[in-house]
Amino acid sequence: MQSLIGKDQNANGSADDEVSALTLANLDKGYDLITVRLHAPAANTQQYGEAAQQTQVAVRETDKFIEAIAANWEGKIIVTADQAASSDGS
């Protein structure tokens, strides 16, 4: 097992783009399982609200990332959430 951690190298406020690139670069390494945690959708929901432009952009970017994995990964893909994201604190 190898742990790869993405850091916000371009200082855009999220490491999700770096995590996505790192994951895609490692899909052909023969792993049986890859887990990825993206933070931007939940963080933006909590900071700006569910309907905010920043949240919608983060969700679209996450969708594109999952589509890229699906196009390049032979294995199964399971998408889960780690917390309920709500701008009203619930």
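Residue indices begin from 1 for each chain and proceed along its sequence in written order. Where totals are concerned, whole chains, interfaces and linings use all residues; where local detail is concerned, this predicted model gives features only for residues with pLDDT of at least 70, and gives and counts side-chain atom pairs only at 80 or more. Only heavy atoms go into the side-chain values, all of them from the structure, while hydrogens and water stay out.

1. Section: helix α3 (residues 53–72)
Compared with the 28 Å implied by 1.5 Å per residue over 20 residues, the 29 Å span of α3 between its first and last C-alpha is a close match. Remark: exposure states derive from per-residue accessible area (1.4 Å probe, protein chains only) relative to the maximum for the residue type, with buried under 20%, exposed over 50%, and partly exposed in between. Think of it this way: any DSSP run of H or I at least four residues long counts as a helix, any run of E at least two long counts as a strand, and we number them from the N terminus. Thr-55, Ala-58, Thr-62, Phe-65 and Ile-69 are the residues of α3 that are buried. For α3, the arc enclosing every buried residue in end-on projection is 85 degrees, short of the 170-degree limit, so these residues lie on one face. Residues of α3 that are exposed and point more than 90 degrees away from the buried face comprise Gln-53, Lys-64, Glu-67 and Ala-71. By the convention used here, residues are in contact when the closest approach between their heavy atoms is within 4.5 Å. Among the structural elements, α1 (16–25) and α2 (40–48) are those in contact with the buried residues of α3. Take the number of residues in a helix, subtract one, and multiply by 1.5 Å to get its expected span. Taken from the helix axis, the directions to the C-beta atoms give the arc we talk about.

2. Some remarks on the environment of Ile-78
Inspection of the secondary structure assignment puts Ile-78 in the segment after α3. Along the primary structure Ile-78 and Thr-35 are separated by 43 residues, whereas in three dimensions their C-alpha atoms are 9.3 Å apart.

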